[in-house]
Amino acid sequence: MARELDPERLEQVSTLDIHRVQSARLRGEGLPEKDELREGIERKIEADAGHTTKRVISFTPGDPENPHNWSARKKWFITTTGIIAVTNSTFASSLPSGAMSVIQQDLNVTHTEVTILTISLFLLGYVIGPIAFAPFSEFYGRRSVSIIAFGWFVVGTICCAVSPNIASLLVFRFLAGVGASAPMSVTGGQFADIWPDAEERGRIMAIFSAVTMVGPTLSPVIGGFISNSRLGWRMVFYVDVIISGLSFIPLLFCPETFAPVLLLRKAQRLRAQGDSEVIAPLELEDRSLKSALKTTLTRPFRMFWNESIVLLVSLYLSLIYGTFYLFFQSYPIIYQGIYGFGPGISGLPFIPVGLGAGFSFVGVILWDRHIKRREDEGLKITSEYRRLPLACIAGPIYVASMFWQGWSARADVHWSVSVIAGAPFGFGFSMLFISFLNYVTDFYEIYAASALAACSMCRSLFGASFPLFARHMYKGLGVPWASSLLGFLALGMCVCPFLFLRYSDTVRSRSKFHQFLQERKEIGFDRPTTPDEDSDSKSTGSTDEKEMEVENDKEL
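Our subject in this report is the structure included herewith. (Residues numbered from 1 in each chain as written. Predicted model: local features only at pLDDT ≥ 70, side-chain atom pairs only at ≥ 80, totals over all residues. Heavy atoms only, no water.)

The next subject is empty space enclosed by the protein. Under the counting rule described, the total for this entry stands at 7 cavities of 30 Å³ or more. Considered as a void within the structure, the second largest cavity measures approximately 100 Å³ in volume. As for the second largest cavity, its lining consists of 13 residues, of which M184, T212, Y321, F429 and F433 are closest to the centre. Only α9 (198-227), α14 (308-338) and α18 (422-444) provide two or more residues apiece to the lining of the second largest cavity. Of the residues forming the lining of the second largest cavity, the biggest block, 4 residues, is contributed by α9. (1 Å grid on protein atoms, 1.4 Å probe; cavity = no way out; pocket = protein on both sides within 12 Å on 5 of 7 lines; lining within 4 Å. Points joined across faces, edges and corners; volume = space filled by probe spheres on them. Helix = DSSP H or I, 4+ residues; strand = E, 2+ residues; numbered from the N terminus.)

Here it is in structure tokens:
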């Protein structure tokens, strides 16, 4: 049997006692991630029957190979590259909205709804892509998944530009959307990999969320003016190819950021140098194809249905995301139908939406300063209090903007009144995304990419479907009541952040993934590894290995 270790010594040298890993706490809740960790360790023991000791490597505080400890310059290069990739993805999503009438005429499309599919099918790709990209980024690493997917997106966009008919254009828009989904679901995980400080990561996610609004609000303007010039609608896609192609270059130079994969490579390097008893934590888990299909690919779905945070956040963000993409149909109804704007000019009212999203970053900075003051006073700040009050404020602002726009969009009211309503909409929209995405990232840590993928799939499904019924809804209900209906639905969802704040302890205790993450830390995985995080530790040495002493005992 494994030698019993003194608990104090266990904490000091980060020793991993195999019996702690195989305890009932890792057996009893039916989470596949737990079962695979336990079974992986048992296989490792059986395979190494002649050796009683394995050294499981980890990062030491201040380790330069740990992404948490990389230089600010390196982190900002990765961050900027990720934000650019996301901007490209969102820019492409609404790109045809300003060119639909020209596409419909040039490709002889009879029904307007078929042309709308150029947006809906792209967003449907956002639903399909994260099923594989996000979980595999937690399996093989972020870098390879990002490069393959973004290359796929660039090729798909080229094919859109040369499509001879509407059928091929729709197919390639869907395929391009699949590739474009990777930055939306993987980039948040990358930020969690390299920014351990909650305040810094929060601000990065604020920028990330704000720029997701920049692309969709600019592309209708660009698409409208280009498609109605002699350059034609195909040039709209070529512009996207040029932008995304240039963005692809820095992506090729981004390093891997996922710590478990980096430790795996480190273990392989040490074994190649002759240290045969070194293994990485990832090697204790099942990395077979069966595991990939059973556990990794199903994780976003299991988190969506079993984790209350993921479910409610997904539904809330899906509603406001679908409403945003519905605007690409409702804005022409309002500004071309009521106010007589041209195709290019009718895209300009989206600019206040983008400006409102930009102001949301100011709100984040002010809130961070408040949190900093409270921490300096000695108050312990939970992730709920750090993230969710912003959502409590943003929700009502978002709802008010919907009623404002709906009831001011009339011929007897100046067009600027309804245009200005876009600013609080953009502010509320972006602030909700900032708050919830940060909260999900903080809560699920190494499984953040899968949780964000579940959110991304759900909201993309809404974003793909809402534009399809927009014209019928606005025609049937009229502009005031169509906007009011969406406002009432958002009003009902406003309660979500208040519930998370009120019942935070219950939510944590009932979250299987959160409990598993805490257990991983208790047995020696996922420990703090930056000097600041480890400042309270009693560590007396600078070892970068965890000693796993086991015997080939049938009791295991």
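Of the voids in this model, the second largest pocket is the one considered here, and its volume is about 280 Å³. Lining the second largest pocket we find 19 residues, and of these S97, M100, P332, Q336 and R471 sit closest to its centre.

As a further point, take the environment of F427. When you line up the elements, F427 lands in helix α18. Along the sequence, F427 and A357 sit 70 residues apart, while their C-alpha atoms lie 4.5 Å from each other. Setting aside residues up to four positions removed in sequence, F427 forms contacts with G356, A357, F359, S360 and I397. (Contact = heavy atoms within 4.5 Å.)

This part is about the pattern of salt bridges. Across all of its chains, the model carries 9 salt bridges by this definition. A salt bridge links R203 to D368; its shortest N-O distance comes to 3.0 Å. Taken as a pair, R203 in helix α9 and D368 in helix α15 (residues 351-376) lie far apart in primary sequence, 165 residues in all. By relative accessible area, D368 is classed as buried at 5%. With its nearest N and O atoms 3.4 Å apart, the salt bridge here joins E377 to R374. Judged by relative accessible area, which is 28%, R374 ranks as partly exposed. (Salt bridge = Lys/Arg side-chain N within 4 Å of Asp/Glu carboxyl O. Buried < 20%, exposed > 50% of the residue type's maximum accessible area, 1.4 Å probe, protein only.)

Here we take up the side chain of N88. Counting through the fold element by element, N88 comes out in helix α4 (residues 72-93). Excluding its chain neighbours within four sequence positions, the residues that come into contact with N88 are F150, F153, D240, I243, S244 and S247.

Another aspect to go through is the side chain of S408. Among the structural elements, S408 can be located in helix α16 (residues 383-408). For S408, a relative accessible area of 6% corresponds to the buried category. Reaching out from S408, the side chain makes a polar contact with the backbone oxygen of W404 at a distance of 2.7 Å. Residue contacts for S408: discarding those within four places in its chain leaves Y339, V413, V417 and S418. (Polar contact = N/O pair within 3.5 Å; in protein donor to acceptor, adjacent residues only side chain to side chain.)

That is the geometry; function is a separate question.
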